[in-house]
Amino acid sequence: MSGEAQVSVEGRVSSALVEIREAIQQDGGDVEFVSYDGDTKTVFVNLTGACVGCPASMMTLKMGVERAIKHAVPEVEFVEAY
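Bear in mind that the values here come from a model prediction, so they are computed numbers and not experimental data.

J.: Outline the overall build of the protein chain, listing residues and values.
T.: Within the protein chain one finds 2 helices and 3 strands. Counting helices and strands in the order they occur from the N terminus, the protein chain gives α-β-β-α-β. Viewed in the frame of its principal axes, the protein chain has a C-alpha envelope of about 35 × 20 × 15 Å. Counting the 82 residues in the protein chain, one finds 32% classified as buried. In the protein chain, of all internal contacts separated by at least 6 residues, the share reaching a separation of at least 24 is 46%. Total accessible area computed for the protein chain in this model is approximately 4900 Å², and 54% of it derives from carbon and sulfur atoms. Treating the 6 positive side-chain charges of the protein chain as one cloud and the 13 negative ones as another, the clouds have centres 6 Å apart.

This is the structure in structure tokens:
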């Protein structure tokens, strides 16, 4: 994958996270973009704040973060917490 395409994916992922960050922050947590692996089409994020150790953090990751990223960046197949 070319560097330009990867930057584009990373930029779109970051934009998608901006869209949902406020909702996560209202509950005392946050989400940070860590990296994108173009070979496996996986985005890695870091859940911080109240998300750490929260029993609902997996739901936040899958139903909120993953859904938003896949909607904005259809070529992403997986979203994993780092």
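J.: An account of the pairing of strand 3 (residues 78-81) is requested, with residue identities and associated values reported.
T.: With 4 bridges connecting them, strand 2 (residues 42-49) and strand 3 associate as parallel partners. Bridging from a neighbouring strand, Thr 42 pairs with Phe 78 of strand 3. Tracing the backbone out of strand 2, into helix 2 (residues 57-72) and back to the parallel element strand 3 gives a crossover that is right-handed.

J.: Describe the sheet that holds strand 1 (residues 29-37), naming the residues involved and giving the relevant values.
T.: Strand order across the open sheet formed by 3 strands is 1-2-3, with mixed pairing between neighbours. Edge positions in the sheet fall to strand 1 and strand 3, since each of these pairs with one other strand and no more. Put simply, the sheet's adjacent strands are angled 30° from each other on average, direction ignored. Its contacts with the sheet place helix 2 against strand 1, strand 2 and strand 3, and it is angled at close to 140° to strand 3.

J.: I'd like a description of the pattern of salt bridges, backed by residues and values.
T.: Pairing is possible between side chains that carry opposite charge, provided their charged atoms lie close to one another. Applying the stated criterion across every chain yields a total of 3 salt bridges. With a closest N to O distance of 2.8 Å, Arg 21 and Asp 30 form a salt bridge. Given a relative accessible area of 22%, Arg 21 falls into the partly exposed group. The exposure class of Asp 30 is buried, given its relative accessible area of 18%. A salt bridge links Glu 66 to Lys 62; the shortest N-O distance between them is 3.3 Å. Placement of both Glu 66 and Lys 62 in helix 2 is noted, with a separation of 4 residues, approximately one turn of the helix.

J.: Describe helix 2, listing the residues and the values that go with them.
T.: Across its 16 residues, helix 2 extends 21 Å between first and last C-alpha, which sits within 8% of the 22 Å expected from 1.5 Å per residue. In the structure, helix 2 departs most strongly from a straight axis at Glu 66, where the bend amounts to approximately 30°. Listed in full, the buried residues belonging to helix 2 are Ser 57, Leu 61, Val 65, Glu 66, Ala 68 and Ile 69.

Cut-offs used in this document
- Residues numbered from 1 in each chain as written.
- Predicted model: local features only at pLDDT ≥ 70, side-chain atom pairs only at ≥ 80, totals over all residues.
- Heavy atoms only, no water.
- Helix = DSSP H or I, 4+ residues; strand = E, 2+ residues; numbered from the N terminus.
- Buried < 20%, exposed > 50% of the residue type's maximum accessible area, 1.4 Å probe, protein only.
- Contact = heavy atoms within 4.5 Å.
- Areas by Shrake-Rupley, 256 points an atom, 1.4 Å probe, with all protein chains shown as cover.
- Lys, Arg positive; Asp, Glu negative; His and termini not counted.
- Charge placed at Lys NZ, Arg CZ, Asp CG, Glu CD.
- Pairing = 2+ DSSP bridges.
- Right-handed = clockwise from strand over helix to strand, strands pointing away.
- Axes fitted to C-alpha atoms, helices over the stretch in contact; angles between N-to-C directions.
- Salt bridge = Lys/Arg side-chain N within 4 Å of Asp/Glu carboxyl O.
- Expected span 1.5 Å × (residues − 1).
- Bend = angle between axes of the 7 residues up to and from the residue.

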